[in-house]
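Here is what each chain is made of, one letter per residue.
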Amino acid sequence: MPITLTCGCGKKLRIDDRFAGQKGRCPACGQTIDIPAEDQPPPPPPPQVRPVPPPLPQEAYTGPEEVLPQVTLASPAAEPVADAPLTNHGGGDIPEDADFFIDPPPEIGLLTSAHTNMRQGDEPWSPAARTSWCVLGAAIGVLIGVLLAILTKTKNPGLLALWPLGLGAIGPLIPFLLTRFKRRCTYVGREGLARFVCTGHRDKLGTAEVFLFRDAMALRTAQTRHYTNGAYQGTNYSFTWTDIAGVKRYVISGRHNSEKGTPALTHEYYYAAAAEFAWTLHLLGQMEAKLTLGGAVTFNLNQHDWVRVSPGHLRFSFKGDTIDCPVEEIGQARVDQGMFIIKRVDAREGWFSSEGVFKFPYSQLANAQLFLILLDKVAGVRLN
C-alpha cells in the first residue's frame, strides 16, 4: 500500500511501500526526507517553504531562515520519490480545468512549477461580436460627450464637438482591449525556463521563449518600492541573467501592487521567484564537488570588484584592494535598505571614512540568493 506524506516544500508525495523506513529525495525541491515505516504514522511535515525573492530596498532581508533548510551540499543516496503534484510558481494548486496550450520543452528538464491563465473551453471572441461591442462603446462615448457638453453649458463650437468626438474615439478602445484573446503559460524546470504567449487564437504564438541555465553565468535581481507623499504606489522588479561576456540572455520584469511583496499566487512575479530558486539549485549542483573539497566561490559585483566565499573565510576585492576576513573576525552581517553590510569586530565607521566595513548593493551582486546560502552553510556567517 503506498505511503502518503508531505514534503517541507508543500509537495504531496506517494511512495511505494518497499521504501518504508528509508530516506528519499523530493523530486520538487531535492531535499532529503525520512520515509516512515508502514507501522508508524508519517512524521509531521516541516514548515512549508516557497521560493523567496530578494529583499526590497526599503527593508532588511528575512529570507535565509526560510530558504536554507531546503538546500543541502551533500547528495542524498536514496532513490527520488515520485508522484508529486505540480504546483504553480507561487506554490498554489493548478486548477483542474487549466489549459496549457503548448507542452513544456524537454530541454528545460524536470518541471518544478508551471502556470497558465487559459482554461479549457476558452475561445476567442468572434470578429462580429468584437465589432458589435466596439460600436456600442463608440455610441456610449458619443452620448457621454454630448451630456458633458450640455452640463458644462459651453458655447464654444470647438468644445461642443470635441467632447462627443473625443469620447466617441476612446469608447471603442475599452471593449477592444477587454475582448482580445491573449493567454500565457510559463514553465520552470531544473535546467531552464520557458514562456509562451498566444494571441488571437490558441495556435497563434506571439511569444515563444526558452532559456537554458547553461547559457548564463550570473543572475542579478532588483526590487524597488515606489511611494508618493508616503503612500505606496507599487513595486517594480527585475531578474536579469547574463552570460560570461555580460550580455543579457533572459529577463523577467514587471510590477505588482503588494507592499509586503506577496501578490496573488498566480502573479508573474512568482515566475521570477521560482526561476531564481531553480537557478540557485542548478548552481549548487554544479559546484557541489568543489565545495565538498573546500574550494572557494567568487561572486562578482562588477568588472573589477568581487566577494569570495570559502570555508570559514571571506575575501573582498574593492577598487583594486584585496582584504581577507576570517569568520571569527566578523562582528556583523546584514542587509539594510538594499545594501549588504559586513563589519569586522574592530570596525570603525565614521562620516567621512570607515575601516573594517564592507558595503555593496544587493542588485549588483551576481547570484545573490546563492551568496546568502553559502555565506551561512560554507563560511559560517549568519545574517543579523
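Cut-offs used in this document
- Residues numbered from 1 in each chain as written.
- Predicted model: local features only at pLDDT ≥ 70, side-chain atom pairs only at ≥ 80, totals over all residues.
- Heavy atoms only, no water.
- Pairing = 2+ DSSP bridges.
- Helix = DSSP H or I, 4+ residues; strand = E, 2+ residues; numbered from the N terminus.
- Axes fitted to C-alpha atoms, helices over the stretch in contact; angles between N-to-C directions.
- Buried < 20%, exposed > 50% of the residue type's maximum accessible area, 1.4 Å probe, protein only.
- Polar contact = N/O pair within 3.5 Å; in protein donor to acceptor, adjacent residues only side chain to side chain.
- 1 Å grid on protein atoms, 1.4 Å probe; cavity = no way out; pocket = protein on both sides within 12 Å on 5 of 7 lines; lining within 4 Å.
- Points joined across faces, edges and corners; volume = space filled by probe spheres on them.
- Disulfide = S-S within 2.5 Å.
- Contact = heavy atoms within 4.5 Å.
- Parallel < 35°, antiparallel > 145°, perpendicular 65-115°, else oblique.
- Left-handed = near helix turned anticlockwise from the far one by under 90°.
- Salt bridge = Lys/Arg side-chain N within 4 Å of Asp/Glu carboxyl O.
- Core = buried A, V, L, I, M, F, W, Y, C linked by side-chain atoms within 4.5 Å.
- Phe/Tyr/Trp six-rings, centres within 6.5 Å; stacked < 30°, edge-to-face > 60°.

Trainee: Explanation requested: the sheet that holds strand 13 (residues 306–310) in the structure shown.
Mentor: An order of 12-13-14-15 is seen for the four strands of this open sheet, with the pairing classed as antiparallel. Every interior strand has two partners, whereas the edge strands, strand 12 (297–300) and strand 15 (321–326), have only one. Within this sheet the neighbouring strands show an average axis-to-axis angle of 15°, counted without direction. The sheet contact formed by strand 12 and strand 13 spans four bridges and is antiparallel. Each bridged residue has a counterpart across the sheet, and for Asn 300 the counterpart in strand 13 is Trp 306.

Trainee: What exactly am I supposed to notice about the side chain of Arg 344 here?
Mentor: Here Arg 344 shows up in strand 17 (residues 339–349). For Arg 344, a relative accessible area of 18% puts it in the buried group. At 2.7 Å, the side chain of Arg 344 and the side chain of Glu 329 are in polar contact.

Trainee: Where do I start with the layout of surface pockets in this structure?
Mentor: In this structure, the second largest pocket spans a volume of roughly 610 Å³. Residue lining of the second largest pocket: 27 residues in total, with Met 217, Ala 218, Asn 300, Ala 366 and Asn 367 positioned closest to the centre. At the level of elements, strand 9 (218–228), helix 5 (269–292) and strand 12 are the ones that each hand at least two residues to the lining of the second largest pocket. Sorting elements by how many residues they give to the lining of the second largest pocket places helix 5 first, with six residues.

Trainee: What's the story with the environment of Arg 382 in this structure? I'm lost.
Mentor: Along the chain, Arg 382 turns up in the segment after helix 6 (368–377). For Arg 382, a relative accessible area of 42% corresponds to the partly exposed category. Within the structure, the side chain of Arg 382 is placed 2.9 Å from the side chain of Asp 376, a separation counted as a polar contact.

Trainee: What am I meant to see in the state of the cysteines here?
Mentor: In protein structure, a disulfide is the covalent linkage between the sulfur atoms of two cysteines. Scanning the entire structure with this criterion turns up zero disulfides. In this structure Cys 185 is a free cysteine whose sulfur lies 7.7 Å from that of Cys 198, the closest cysteine sulfur available. A relative accessible area of 0% places Cys 198 in the buried class.

Trainee: In this structure, what is going on with the sheet that holds strand 10 (residues 231–242)? I would like to understand it.
Mentor: Strand pairing in a sheet takes place through backbone hydrogen bonds and is either antiparallel or parallel in direction. Taken together, the three strands give an open sheet; going across it, the order is 9-10-11, and neighbouring strands pair in antiparallel fashion. Each edge of the open sheet is held by one strand with a lone partner, namely strand 9 and strand 11 (248–256). With direction set aside, neighbouring strand axes in the sheet form an average angle of 10°. In the sheet, strand 10 pairs with strand 11 via eight bridges, with the strands oriented antiparallel. Looking at the pairing, Tyr 237 lines up with Gly 254 of strand 11. Sitting on the sheet, helix 5 touches strand 9, strand 10 and strand 11, and the angle it makes with strand 10 is about 40°.

Trainee: Is there a simple way to think about the packing of helix 5 against helix 6 in this case?
Mentor: What describes two packed helices is the angle between their axes and the distance between those same axes. Running from N to C, helix 5 and helix 6 cross one another at 50°; their axes reach a closest spacing of 9 Å. As summarised for this structure, helix 5 and helix 6 are arranged oblique, according to the angle between their axes. Here helix 5 and helix 6 pass one another in a crossing that is right-handed. Together, Glu 276, Phe 277, Thr 280, Leu 283, Leu 284, Met 287 and Leu 291 of helix 5 and Gln 369, Leu 370, Ile 373 and Leu 374 of helix 6 make up the contact between the two elements.

Trainee: Looking at this model, I keep getting lost on the pattern of salt bridges. Mind explaining?
Mentor: Inspection of every chain in the model, using the stated rule, returns 11 salt bridges. The residue Asp 99 makes a salt bridge to Arg 202 at a minimum N-O spacing of 2.6 Å. Taken as a pair, Asp 99 in the loop between helix 1 (64–67) and strand 5 (111–116) and Arg 202 in the loop between strand 7 (192–199) and strand 8 (205–212) lie far apart in primary sequence, 103 residues in all. Owing to a relative accessible area of 13%, Asp 99 belongs among the buried residues under this scheme. The class of Arg 202 is partly exposed, set by a relative accessible area of 24%. The salt bridge involving Arg 344 is made with Asp 346; its shortest N-O contact spans 3.2 Å.

Trainee: Whenever I open this one, the nonpolar core confuses me. Can you help?
Mentor: Note on soluble globular proteins: their nonpolar side chains tend to be buried together. If you look at the biggest cluster of nonpolar residues, it comprises 52 residues, and the most contacted ones within it are Leu 193, Trp 241, Ile 252, Phe 316, Phe 360, Phe 371 and Leu 374. Residue contributions to this core peak at 12 residues, all from helix 5. Not counting the four nearest positions on each side in its chain, Phe 316 is found in contact with Trp 306, Val 307, Asp 321, Thr 322, Ile 323, Cys 325, Ile 342, Phe 358 and Phe 360. Judged by nonpolar contacts, the second largest core, of 11 residues, contains Phe 101, Met 118, Ala 194 and Phe 196.

Trainee: Would you take a moment to explain the packing of aromatic side chains for this structure?
Mentor: For any pair of aromatic rings, geometry is given as the distance between the ring centres together with the angle between the planes. Enumeration over the complete set of coordinates arrives at 20 aromatic pairs. With 5.5 Å between their ring centres and 75° between their planes, Phe 213 and Trp 279 make a pair best called edge-to-face. In this pair, Phe 213 is assigned in the loop between strand 8 and strand 9 and Trp 279 in helix 5, connecting sequence segments 66 residues apart. Trp 279 shares its class with Phe 213; the two are buried. Within the aromatic cluster, the residues linked to one another by ring pairs are Phe 299, Phe 316, Phe 318, Phe 340, Phe 358, Phe 360, Tyr 362 and Phe 371.

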